[in-house]
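Observations on chain architecture
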Amino acid sequence: MCRFRISTILELLSSRDCVNFKNIRPKHLKYMLIFPLAPVFANMQDSLFSASALGLDAMTLIGSAYCIGAGLFFAFTKPGSLVKISRALALCAAILFTFWSIIGESGLSLVIAILFAAALGGCAALASFAYTFALNNTERLTGAACISLFFAFNQIDFGLSLLSGSFSRLYLTLLVIGSCVCLSLYESADFCISNDRDDMKMNPPLMLTLFFFVAHYISEIFYTYMPGASSKSAMIANGAVGLIVVVLVISLQFLTKRSVLNMCNLFFVAMIITYALYFLPDGSALRNAARFVHGFEQIGYIASYYLLGCVFKKHGNFRLFKLCIVVILPLSMLSYLIPGAISAYAPRALPLIATLTTSILFIAFILLSPSYAAHLFCAEWSDNFSCADMDESKADTLFEELGLSPRERETAAILLQGKNAKQIASELDINTNTVNFHIKNLYKKLDIGSRAELFAMLNSSKN
């Protein structure tokens, strides 16, 4: 077992990532956009649905349906049927949304809204799979940042009423249309990486990444039920800081190349401060400051989705991804039900429970620092965060055993995608002569003379 040391934390803080806008491929926008489109809905229910049932507000009911739908529909998905199910779910969501738009607010509209949320949750689950396995590191980070961008703009508009009351429905309509268009453009060939790795198992990097993802989700959702969280002034403050956070994230990752670990720490600190400020007198300046500090919640979204996508691309496959979606997302509805019930029956206890929960999760995160260093941010394969994308584990392991350098392994992985030297140079942001130099060296080390022999070597290792 790893011992907790200050040097471990310092080593983690010095770790770096590397992303470059040049790595964004226009044809992959359909995978980048659908991911932020569908999840944004989960943060909008309270401004769209005001009905309630079973003693729970619409946000709790619809948020729970969203989580259940994500797991339920993905449970019936197979690699070969992923594209068909994506299109079917998009069509189903569009039809339910149309019915909901036509009828007035009533018990029936709430039922349709719940079904619509379940279908959209299924779309989000399929989108998250595409986000993980079809995108590279830069595309993944940019797509995650779009979540914050969309959400922040929506909050600001809601608070300022720039487009009157019609904006929420108009915005949701655009989300549904955008989701349907993106899902209809999915291509099976872009997901083949996840199908060729049958021997993958749940390992420490995946479990550590899932811990932060779940911890972030649980910590953040409590704020939704805090007093005044949905007020217009809170929305404006939250949205404005959210926009600043997006700029901060872009600066951290694209300019300073700092590790995503810094975003994880900053998220926890911001959430603890937010909840702690709720113990101060209502109406005080510091109490009002909580709504500004909470804007840093967006950094948690970006960090958790980006990290989860990268690590699953490296160590996961379709089977493991489905297991996590089917188990975790339906259970995550508890993150709506529990704070929703506390808010309804013991509202005064909510700040204390939120603060304690977030603090415990942060302490656990810090105590796990040795494991995060050993298995994730400072692991032998962590140089993948500094590459254009996460290498395929089987090929990466083989090439590492055969003595290839990290850059040569990266070049070999892209060669296996069928790309030429010019395309590799563009993706790695180096010149063509350097690419040819790496190709020559890796061919020499592997004792081969062509790309065909490289494919043959990999296939031989699989067999």
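Bear in mind the structure is a predicted one, so any value in this text is a computation, not a measurement.

1. Brief notes about the overall build of the chain
The number of helices and strands found in the chain is 22 helices and two strands. The 463 residues of the chain split such that 54% are buried. Across the chain, every contact between residues at least 6 apart in sequence was considered, and the portion connecting residues at least 24 apart equals 82%. For the chain, the exposed area adds up to about 19200 Å²; of that, 68% sits on carbon and sulfur atoms.

2. Looking at a nonpolar patch on the surface
A cluster of nonpolar side chains, Met202, Met207, Leu323, Val327, Leu331, Leu334 and Ile338, forms an exposed patch at the surface whose accessible area comes to about 610 Å². Of all the secondary-structure elements, those providing two or more residues to the nonpolar patch are helix H14 (318–331) and helix H15 (334–345). If one sorts the elements of the nonpolar patch by residue count, H14 sits on top with three residues. Mapped onto the fold, Met207 is located in helix H9 (residues 204–221).

3. Thoughts on the packing of H9 against helix H13 (residues 297–315)
Running from N to C, H9 and H13 point in directions that differ by 160°, and their axes come no closer than 9 Å. Judged on the interaxial angle alone, H13 and H9 are roughly antiparallel. Crossing handedness for the pair H9 and H13: left-handed. Together, Pro205, Leu206, Thr209, Leu210, Phe212, Phe213, His216 and Glu220 of H9 and Glu297, Gly300, Tyr301, Ala303, Ser304, Tyr305, Leu307, Leu308, Val311, Phe312 and His315 of H13 make up the contact between the two elements. A per-class count over the contact of H9 with H13 returns twelve nonpolar, five polar and two charged.

4. Here's the deal with the side chain of Thr355
The topology assignment puts Thr355 in helix H16 (residues 350–367). A polar side-chain atom of Thr355 sits 3.5 Å from the main-chain carbonyl oxygen of Tyr275. In this structure, Thr355 is in contact with Tyr275, Ala276 and Phe279, ignoring residues within four places of it in sequence.

5. Re the nonpolar core
The tendency in soluble globular proteins is for nonpolar side chains to be buried side by side. Residues Tyr186 and Phe191 are the most contacted members of the largest nonpolar core, which totals 105 residues. By residue number, the principal contributor to this core is helix H6 (residues 107–133), which donates 16 residues. Once residues within four sequence positions are removed from consideration, Phe191 is found in contact with Tyr31, Leu82, Val83, Phe129, Ala130, Ala134 and Tyr186. Counting residues in hydrophobic clusters, the runner-up holds 17 residues, among them Ala388, Ala412, Tyr443 and Leu446.

6. Things to note about the pattern of salt bridges
As enumerated under the stated definition, the model contains three salt bridges in all. In this structure, Arg25 and Glu139 form a salt bridge, with 2.7 Å as the shortest nitrogen-oxygen distance. Placement of the pair is Arg25 in the loop between helix H1 (6–13) and helix H2 (29–41) and Glu139 in helix H7 (residues 137–160), with a sequence separation of 114 residues. Overall, Glu139 belongs to the buried group, its relative accessible area being 0%. Here Glu187 makes a salt bridge to Lys30, at a shortest N to O gap of 3.6 Å. You can see Glu187 sitting in the loop between helix H8 (166–184) and H9 and its partner Lys30 sitting in helix H2, a full 157 residues away along the chain.

7. Thoughts on the confidence of the model for the chain
Residues at a pLDDT of 70 or more form 79% of the chain, whose mean pLDDT is 77. Within the chain, helix H12 (residues 285–293) carries the highest mean pLDDT (88), whereas strand E1 (residues 52–53) carries the lowest (48). Counted against residues more than four places away or in other chains, residues 1–5, with its pLDDT under 50, gives ten contacts.

8. With respect to the packing of aromatic side chains
Counted by the stated rule, this structure contains 21 aromatic pairs. Ring geometry for Phe74 against Phe129: centres 6.1 Å apart, planes inclined by 50°, an arrangement best described as tilted. Here Phe129 lies in helix H6 and Phe74 lies in helix H4 (residues 58–75), a separation of 55 residues in the sequence. Here the aromatic residues Phe74, Phe129, Phe133, Phe312, Phe318 and Phe321 are joined through ring pairs into a cluster of three or more.

9. Quick word on H16
In this model H16 runs 26 Å from its N-terminal to its C-terminal C-alpha over 18 residues, within 8% of the 26 Å that 1.5 Å per residue would give. If you check which residues of H16 are buried, you get Leu350, Pro351, Ala354, Thr355, Thr358, Leu361, Phe362 and Phe365. Projected onto a plane normal to the axis of H16, the buried residues spread over an arc of 140° and lie on a single side. Exposed positions of H16 whose direction lies more than 90 degrees from the buried face are Ile360 and Leu367.

10. A few points about the packing of H16 against helix H17 (residues 369–377)
The geometry of H16 relative to H17 is characterised by a closest axis approach of 4 Å and an angle of 55° between their N-to-C directions. In terms of orientation, H16 lies oblique with respect to H17. Between H16 and H17, the residues in contact are Phe365, Ile366 and Leu367 and Ser369, Pro370 and Tyr372, respectively. A breakdown of the residues in the contact of H16 with H17 according to their chemical character gives five nonpolar, one polar and no charged.

11. As for unusual backbone geometry
The backbone phi angle of Asp447 is positive, close to 60°, even though this residue is not glycine. Turning to its location among the elements, Asp447 is positioned in the loop between helix H21 (432–446) and helix H22 (451–462).

12. Here's the deal with the side chain of His294
By the element assignment, His294 lies in the loop between H12 and H13. The exposure class of His294 is buried, given its relative accessible area of 1%. At 3.2 Å, the side chain of His294 and the side chain of Glu220 are in polar contact. With sequence-adjacent residues up to four places away left out, His294 is seen in contact with Glu220, Tyr223, Asn238, Met271 and Thr274.

13. What about the state of the cysteines?
In protein chemistry, a disulfide is the covalent bond that joins the sulfur atoms of two cysteines. Throughout the structure, instances matching the rule amount to zero disulfides. A disulfide-free cysteine, Cys92 has its sulfur positioned 8.3 Å from the sulfur of Cys123, the nearest such atom. Since its relative accessible area comes to 34%, Cys92 is described here as partly exposed.

Thresholds applied
- Residues numbered from 1 in each chain as written.
- Predicted model: local features only at pLDDT ≥ 70, side-chain atom pairs only at ≥ 80, totals over all residues.
- Heavy atoms only, no water.
- Helix = DSSP H or I, 4+ residues; strand = E, 2+ residues; numbered from the N terminus.
- Buried < 20%, exposed > 50% of the residue type's maximum accessible area, 1.4 Å probe, protein only.
- Contact = heavy atoms within 4.5 Å.
- Areas by Shrake-Rupley, 256 points an atom, 1.4 Å probe, with all protein chains shown as cover.
- Patch = residues over 30% accessible without salt bridge, like charges linked within 9 Å, V, L, I, M, F, W, Y side chains within 5 Å.
- Salt bridge = Lys/Arg side-chain N within 4 Å of Asp/Glu carboxyl O.
- Axes fitted to C-alpha atoms, helices over the stretch in contact; angles between N-to-C directions.
- Parallel < 35°, antiparallel > 145°, perpendicular 65-115°, else oblique.
- Left-handed = near helix turned anticlockwise from the far one by under 90°.
- Nonpolar A, V, L, I, M, F, W, Y, C, P; charged D, E, K, R; others polar.
- Polar contact = N/O pair within 3.5 Å; in protein donor to acceptor, adjacent residues only side chain to side chain.
- Core = buried A, V, L, I, M, F, W, Y, C linked by side-chain atoms within 4.5 Å.
- pLDDT = per-residue confidence, 0-100.
- Phe/Tyr/Trp six-rings, centres within 6.5 Å; stacked < 30°, edge-to-face > 60°.
- Expected span 1.5 Å × (residues − 1).
- Arc of directions from axis to C-beta.
- Disulfide = S-S within 2.5 Å.

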